[in-house]
Structures are given as structure tokens and as C-alpha cells.
There are 4 protein chains.
Amino acid sequence: MSASPTLSLEQIQKFFDASPYIATLGLRAVSQDIEAGVLVVQVPWQPHFERGAGTRQWHGGPLAAIIDTVGDFALAMQLGRGLPTINFRVDYLRPAIATDLKVTASVRRNGRSVGVADVDVADGEGRLVAVGRATYATLAG
Amino acid sequence: MSASPTLSLEQIQKFFDASPYIATLGLRAVSQDIEAGVLVVQVPWQPHFERGAGTRQWHGGPLAAIIDTVGDFALAMQLGRGLPTINFRVDYLRPAIATDLKVTASVRRNGRSVGVADVDVADGEGRLVAVGRATYATLAG
Amino acid sequence: MSASPTLSLEQIQKFFDASPYIATLGLRAVSQDIEAGVLVVQVPWQPHFERGAGTRQWHGGPLAAIIDTVGDFALAMQLGRGLPTINFRVDYLRPAIATDLKVTASVRRNGRSVGVADVDVADGEGRLVAVGRATYATLAG
Amino acid sequence: MSASPTLSLEQIQKFFDASPYIATLGLRAVSQDIEAGVLVVQVPWQPHFERGAGTRQWHGGPLAAIIDTVGDFALAMQLGRGLPTINFRVDYLRPAIATDLKVTASVRRNGRSVGVADVDVADGEGRLVAVGRATYATLAG
């Protein structure tokens, strides 16, 4: 047993797929730097994310849910367990139209009781479409 | 034509049902006070909202999406049109387990270029499970 | 000794006056409902709060500092001790011009490890000029 | 006259010193990259920032005010004029004790009606003590 268990990409993907809700988002964990606290996730466009019928625009709701989830796992992968979200903020910067998303979460602080992660969401052209900042409860049990 | 068009509950419900994404949330607009800026929406529990398989706990993602959407329509019903979200914050207060939700959005400010709404989310026992605060762009076109 | 110590208005005022920084804000604790978690504070206008020379407009900085502090004491008065701020958000709704402020903080949740308070800031005419929402660490020691 | 006026470090410093409130914070504009939207400000420790008498710890209030102000000028320096804050969030990561601060603001989006800036606040050892994220109204007059 390790003194500091961590989560591999495969373990993160299993968490994603095992959650009935997260499974609807279609997240794919693609790269990680555990020590730096950086986790990258790809999210393919799906029609059930569409804001207005025929617009092919991402609704802000799934973007928020993705930010919450990927920020959480940036900390979780360092701690080896999932964490409850305390709160988060999302800012929408540009419409995202029928595009896959690249989501990059970065740990800003992994403290004794609170962790903070920043999450950047970019479209297929690399343009920032939304940014998130979230706090999670890091206390065990 | 009215100088200040508004949205009735029926019109709000049509917006909810016409959006492919919002339709997945199953929102039911149940009461409104347009002048006071208060909109109440019921949200029945659905299994695809489940956080961990078998937990019957609401994942925070759909809660955030519901907050964003209901806050938006509290302002939209006063202005007669939908509004882009600038940003929002959600705080999670208690787990919500296999319960319908009562969501109450209140306009705090409906200004020339920015509107602010607060959103309280309660479970079937009336306990607060999450609170949101969101800003929307109110400028026409 | 009480099993659940609380802070009276006089004790809150002593905390305000004993902090070198808070003393510069000139807060006056005027009413409280400890059980409901509501604390009301008056803040007289002072020239060193002025945004642009000659404008007599409150700068947003002291408004934010006031929100953080009054929200903190709404929880602190229930717990009998000060609390570290985890994070907070402030939304500015209207300019406040050369006016005293009435600040009302309300506890939304006083949980085992995190507390949440809402703070409304009104000018002398009772118009809302800013709203805040803050989380504090409630764990002892 | 330039089609896109900007603010030099000297002009930013003049704004800082001309505001009665900002002058109390003692900000020193030290470097800028206007195109990248990065502004760096140093803030010397002053006793009137002290949280508890004798602690020499920065109170969170002036940290929030500094974040609001420096984020604002990161956008202002690109637009050649000051901007009203819509809202901001501050997360406190570590106590800052009797230390000068290095504040780095970065523009994340400078849009037609809204701008977003991130602000990192580090102590004299380079440790992050607080982070901010703020939105400003970028529409002219």
C-alpha cells in the first residue's frame, strides 16, 4: 500500500464511466501530470448538449457540469479518492458550436481541508470558451 | 404589441421543452411573480442525474445546470427574451437523495446591461441543498 | 459555561474595534438574531473610501472587505469564535454615493466544516448596492 | 492619436495615486505586457492591513480590494480607460504574514461588453496566498 495513493488515467476513466450522470457527459481522460496537478480531458460533442434546437451550440449547463467534474479529479488524482465540491464559479467567454472540447484542470492549492482547481475549456480551434474555478473538501472521511 | 413584453409560465415551459439540453432536465414551471421577479420550478428526480451508481444522490452537475437555467428565466420572463449567462456560482449545502427539487429564482437586479438572480434549491422536505447566484447580459441584440 | 457559546453585539463590536484593519472600516454592529443567523451592521461614509477624487462614490474595495467581514460574524456569532474565509463573491449592483450603508448578513448554512452566508448592502435610501456570498471554514482548531 | 489607446505603467500609477481609496493600498505598478494583458503590481506591507492586533497577518479585505483593482487595470491598460467591476471572486489559499505582495493580473477575455481577468497574489517567498477572478463591463460610456 502506498502512503500517497494516486489515480491513474485508467482509474479516472473508470470513475467517469461508473457514475450514471458523468457517463452522460462522455468524458475521456487523455493526459495527466499528477505532481503538477494537471488533468486533461476531451469531450466529444453530443446532440443532447444542444442549447436551442438547430443551433448546435453547447448549452452552458453541461459546460458547468464538466468543469465541476474535471476540477474535482485534478485533486482526486493526487489524493486517491473523490472529493465533495464546496462551490464553483463558471464564466462563459464565447459560444462553443458543434465542437469537441479540450478541458484542462490545474490544481492551485491542495490544502488540509480545502482544495482549489482552475479549469479552462477550449474548443477545437483552441479558443477558450469557458473558465471555471472550484473548491473541494479535501478532509478525509 | 406591448411596450414591455413578458413571458407567461406556458411560454417559459415551451422554451424549456424546445431546448434539447433543457428538455433532459425535465423542468416544470409552476409559479411566477413577474413584477417581483420570482420564478418557481419543480424538477422530478431522474436516474440519469445519479452521482454514484446505486447512491440515488443528485450529482452536482445537473444542479448547476438547473440553477443557471432557472435564474436565466427569472430575468427572461421580465424582458420577454432569453439572455446569455455571463457567469454564475453554485454552493452545495447538503446531499440531495432521490428527491424532487423545488427551485426558486429571484431577481436581485435587472439593469441596463447586467442582471443578477439568486436561486435556491430545496429538496422534498424543504431543506436547502444548493444555492446559486448568476449574472446575465441584459442588453438587447 | 455554555455548551454553545455565542457572541453578543457588544462582543462583535469589540472584535471589530480590536482588528487594526476592520477598525479602518468603522463598522457598527446594530442588531442580531443569533438563532436565525442574521446580523445587521451600519457603516458610515468616510472620505478614505472614495473611488475617484471628488466623486464621493464608494470604491468597490471597502464594499468587498465589509461583505467578507460581516458575513464572517454572522456565522461567528453562532459559534462563539472567528472563522477563516474560504472564498467569497461580490456583485456590484449600483453606485453608492456619499451614503451610509446598511449591511445585512444571513447564514444560509452552518455546517460541520463549511458555513455559507449571504450579505446584502443597501444605501441610505434602502436600495441594494452590492450583494455578497461567502464560505467560511467552521471546523474548530 | 492612436485608434486603440492604451495605458502605460506611469499612467496606471497616476490612476492608482489619484484615487483616495486606491492610494491607501500603496500599489506600485512594476511591469506590463499590454498585448498579452499581463500587469504586475507590488504592494508593500502596511500595519493598517493587519487582521488581528499583533498578528502581522494581512486581513482578507485589502487582498480582495487589491485583486479587484489590479484585475481592472489589466483590462483598462488595453482599452485606455477604467472599467466598472461587475463581480469578482476571491479564494484565500494561505495566510500572508508581514510580507510584501506580488500581484499578477492576466486578461482571460476582453470582449465587446464583458472582460474577465485572473489575479494571482503571491507573498515574498513566491507562495500563492490568494487568487481572484473578476468580470468588468467593457462597453464604452
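That block above? That's the structure.
Residues numbered from 1 in each chain as written. Chains lettered and ligands numbered in written order. Predicted model: local features only at pLDDT ≥ 70, side-chain atom pairs only at ≥ 80, totals over all residues. Heavy atoms only, no water.

**Student:** So what exactly am I meant to see when it comes to the overall build of chain A here?
**Tutor:** A tally of helices and strands in chain A yields 3 helices and 6 strands. Projected onto its principal axes, the C-alpha positions of chain A cover 50 × 25 × 25 Å. The buried share of chain A, taken over its 141 residues, is 55%. Considering only intrachain contacts with a sequence separation of at least 6, the fraction spanning at least 24 residues in chain A is 59%. Carbon and sulfur atoms provide 51% of the accessible area of chain A, an area that totals close to 5,500 Å². (Helix = DSSP H or I, 4+ residues; strand = E, 2+ residues; numbered from the N terminus. Buried < 20%, exposed > 50% of the residue type's maximum accessible area, 1.4 Å probe, protein only. Contact = heavy atoms within 4.5 Å. Areas by Shrake-Rupley, 256 points an atom, 1.4 Å probe, with all protein chains shown as cover.)

**Student:** What should I look at first to understand the sheet that holds strand 3 (residues 85-92) of chain A in this one?
**Tutor:** Two pairing modes exist for strands in a sheet, parallel and antiparallel, and in both the strands are linked by backbone hydrogen bonds. Strand order in the open sheet made by the 12 strands is 1(A)-2(A)-4(A)-5(A)-6(A)-3(A)-3(B)-6(B)-5(B)-4(B)-2(B)-1(B), with antiparallel pairing throughout. Here the strands that pair on one side only, and so sit at the sheet edges, are strand 1 (28-33) of chain A together with strand 1 (28-33) of chain B. Between one strand axis and the next, the sheet turns by 15 degrees as a mean value, whatever way the strands run. With 7 bridges connecting them, strand 3 of chain A and strand 6 (residues 128-137) of chain A associate as antiparallel partners. Bridge assignment links Arg89(A) to a residue of strand 6 of chain A, and that residue is Arg133(A). Against the sheet, helix 1 (residues 9-18) of chain A contacts strand 1 and strand 2 (38-43) of chain A, and its axis sits at roughly 145 degrees relative to strand 1 of chain A. Across the sheet, helix 3 (residues 60-79) of chain A touches strand 1, strand 2, strand 3, strand 4 (101-110), strand 5 (114-122) and strand 6 of chain A together with strand 3 (85-92) of chain B, and the angle it forms with strand 4 of chain A is around 45 degrees. (Pairing = 2+ DSSP bridges. Axes fitted to C-alpha atoms, helices over the stretch in contact; angles between N-to-C directions.)

**Student:** I keep staring at the interface of chain A and chain B and nothing clicks. Help me out?
**Tutor:** Contacts between the two partners involve 31 residues from chain A, matched on the other side by 31 residues from chain B. Note on chain A versus chain B: buried area summed over both sides is about 2,100 Å², and carbon and sulfur give 55% of it. Counting across the chain A and chain B interface gives 0 salt bridges. Our count for the chain A to chain B interface comes out at 10 residue pairs in polar contact (both at pLDDT 80 or more). (Buried area = accessible area lost by both parts, 1.4 Å probe. Salt bridge = Lys/Arg side-chain N within 4 Å of Asp/Glu carboxyl O. Polar contact = N/O pair within 3.5 Å; in protein donor to acceptor, adjacent residues only side chain to side chain.)

**Student:** How do you make sense of the side chain of Asn87(B) when you look at a structure like this?
**Tutor:** Along the chain, Asn87(B) falls in strand 3. Judged by relative accessible area, Asn87(B) falls into the buried class, the value being 0%. At 3.0 Å, the side chain of Asn87(B) and the side chain of Asp91(A) are in polar contact. Within polar-contact distance, the side chain of Asn87(B) engages the side chain of Asn87(D) at 3.2 Å.

**Student:** Before we go on, may I ask you to explain the relation of the copies chain B and chain C in this structure?
**Tutor:** To go from the first copy of the chain to the second, apply a rotation about an axis and then a shift along the same axis. Between chain B and chain C, the superposition needs a rotation of 180 degrees and an axial shift of 0.0 Å, giving an RMSD of 0.0 Å. Both chain copies can therefore be described as sitting about a two-fold axis. Mapped onto chain C, 100% of the interface residues of chain B are again interface residues, and the two copies thus contact each other with one and the same surface. (Least-squares fit on C-alpha atoms with pLDDT ≥ 70 in both.)

**Student:** How should I be thinking about the sheet that holds strand 2 (residues 38-43) of chain D in this particular structure?
**Tutor:** Read across the sheet, 12 strands follow the order 1(C)-2(C)-4(C)-5(C)-6(C)-3(C)-3(D)-6(D)-5(D)-4(D)-2(D)-1(D) without closing on themselves; strand pairing throughout is antiparallel. Pairing within the sheet leaves two strands with one partner each, and these edge strands are strand 1 (28-33) of chain C together with strand 1 (28-33) of chain D. On average, each strand axis in the sheet is inclined to that of its neighbour by 15 degrees, with strand direction left out of account. Across the face of the sheet, helix 1 (residues 9-18) of chain C comes into contact with strand 1 and strand 2 (38-43) of chain C while running at roughly 145 degrees to strand 1 of chain C. Contacts between helix 1 (residues 9-18) of chain D and the sheet are confined to strand 1 and strand 2 of chain D, with strand 1 of chain D contributing the most and set at about 145 degrees to the helix.

**Student:** Which parts of the structure should I look at to understand the pairing of strand 1 of chain D?
**Tutor:** Consecutive residues of a regular strand have side chains that alternate between opposite faces of the sheet. Residues and elements named next belong to chain D. By the bridge criterion, 5 bridges tie strand 1 to strand 2 in an arrangement that is antiparallel. Across the sheet, arginine 28 pairs through a bridge with glutamine 42, a residue of strand 2. With antiparallel pairing between neighbouring strands as the criterion, strand 1 and strand 2 make up a hairpin whose turn holds 4 residues, including glycine 37 at a positive phi of roughly 75 degrees.

**Student:** How do you make sense of the pairing of strand 5 (residues 114-122) of chain C when you look at a structure like this?
**Tutor:** All names here are of chain C. Among the 9 residues in strand 5, 8 count as buried, and that is most of the element. Across 8 bridges, strand 4 (residues 101-110) lies against strand 5 in antiparallel orientation. Bridge pairing in strand 5 places serine 106 opposite aspartate 118. Note that strand 5 and strand 6 (residues 128-137) share 9 bridges and pair antiparallel. Within the sheet, the bridge partner assigned to valine 121 lies in strand 6 and is alanine 130.

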